[in-house]
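# Working through the structure, step by step
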Amino acid sequence: MKQQINKIIAVIVTFNPDIERLYENFLVLRSQVAGVVIVDNSDNSSLAKQTQSRFSEEDDCYYLNNSGNQGIAHALNRGLEYASKSGADWLLTMDQDSCLPKNYVAILSLVISVSDASVASIGTPFYSGNRVFSEKKSGGPVKLLITSGNLVQIKAVQKVGNFREDFFIDYVDFDLSLRLRKAGFKLIETHETNFQHRLGLPEKRTFLGTTYFSSNYSPIRQYYMSRNRVVFFRENFLYDPLLVLKCVYDMMKELVKILLGEKARAIKTRAILKGIRDGIFGKMGKHSGTF
């Protein structure tokens, strides 16, 4: 049985955005979907007011202010709720800095229309700087999809319990990917299009003649990534041990890059260790305190 897409709503989660860049990305997106909801996690109230003012007169745009950073999962759930109440059956989840091509949604919709009913999530390769992130095979099931550029079936997300708010930020997308798969849904990736998406503040570095890219995430992001990874590893090792081991390898590789040349290495290392400890003991939600 093939699928039919009747209505798509896009949600853009923002945090202290570059308003003009956000607006440019919105203009490209608006013509591709039935409506756009902006959920603002900004902790800068003045900037939030400017963002609201910038979008208040735009057709098919609904602005929601979270009155501070409530985490990406909470913001996505607000967008999901709005889309569901608006009669949408699919939700396109977006990051504020991601830039889509003009035919992005049409291509994903076409692929979905010839897919079987078990497909609940579709994404594409994405570029961060000059690097491409992609599965090797187009069209087949994949294990993980990131939040940005992901078209997800609303009923499927609701069935598995929505986006996980105790993660706050980071690994929210990977957690959803695994819960969808465990529930019998498929994730697919098409290579017929792609988009630009920034991961951290990447810098090109060289060590002993070897060139590599360092993500330069902030200490608080390192904390959330480490904490949520521990929980993700514990909950999914028996289901997909090879994937978990790959994620462990990636985590160790990132730590080595931090130690080799990133700024604020000491504080980032403390943040990672605290994240691991909190993950082990189940201390979740929004972090407060210092490293």
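Residues numbered from 1 in each chain as written. Predicted model: local features only at pLDDT ≥ 70, side-chain atom pairs only at ≥ 80, totals over all residues. Heavy atoms only, no water.

### Quick notes on the sheet that holds strand S6 (residues 126-128)
- Pairing in this open sheet of three strands is mixed, and the strands run S7-S6-S10 from one edge to the other. Among the strands making up the open sheet, the edge pair consists of strand S7 (131-133) and strand S10 (195-196).
- As paired strands, S6 and S7 are joined by three bridges and run antiparallel to one another. Note on S7: the bridge partner recorded for tyrosine 127 is valine 132. (Pairing = 2+ DSSP bridges. Helix = DSSP H or I, 4+ residues; strand = E, 2+ residues; numbered from the N terminus.)

### Digging into the pairing of strand S1 (residues 8-14)
- Counting buried positions along S1 yields seven of seven residues, so the element is predominantly enclosed.
- On S1, burial covers both faces: Ile8, Ala10, Ile12 and Thr14 on one face and Ile9, Val11 and Val13 on the other are all buried.
- Pairing geometry for S1 and strand S4 (residues 90-95), over six bridges, is parallel. Opposite isoleucine 8, over in S4, you have tryptophan 90 as the bridge partner.
- With respect to chirality, the unit in which S1 leads through helix H1 (residues 19-30) into the neighbouring parallel strand S2 (residues 35-40) is right-handed. (Buried < 20%, exposed > 50% of the residue type's maximum accessible area, 1.4 Å probe, protein only. Right-handed = clockwise from strand over helix to strand, strands pointing away.)

### Quick notes on the sheet that holds strand S9 (residues 186-189)
- With respect to topology, seven strands assemble into an open sheet ordered S3-S2-S1-S4-S8-S5-S9, the strand pairing being mixed. In this open sheet, the two edge strands, each paired with only one partner strand, are strand S3 (61-65) and S9. Neighbour-to-neighbour, the strand axes of this sheet turn through a mean angle of 20 degrees, independent of strand direction.
- The pairing of S4 with strand S8 (residues 150-153) spans four bridges and is classified as antiparallel. Residue pairing in the sheet places leucine 92 in a bridge with leucine 151 of S8. (Axes fitted to C-alpha atoms, helices over the stretch in contact; angles between N-to-C directions.)

### Digging into the side chain of threonine 193
- Note that threonine 193 resides in the loop between S9 and S10.
- Every residue in contact with threonine 193, bar those within four places of it in the chain, is listed here: Pro101, Asn103, Tyr104, Ile107, Leu108, Thr124 and Pro125. (Contact = heavy atoms within 4.5 Å.)

### Observations regarding helix H6 (residues 172-182)
- Among the eleven residues of H6, ten are classified as buried, and the element is accordingly described as predominantly covered.
- Of the residues making up H6, those classed as buried are Val172, Asp173, Phe174, Asp175, Leu176, Ser177, Leu178, Arg179, Leu180 and Arg181.
- Here the buried face of H6 lies against helix H3 (72-85), strand S5 (119-123), helix H5 (154-159), S9, helix H7 (219-236) and helix H8 (241-261).
- Count one or two residues on from H6 and you reach glycine 184, which has phi positive near 95 degrees.

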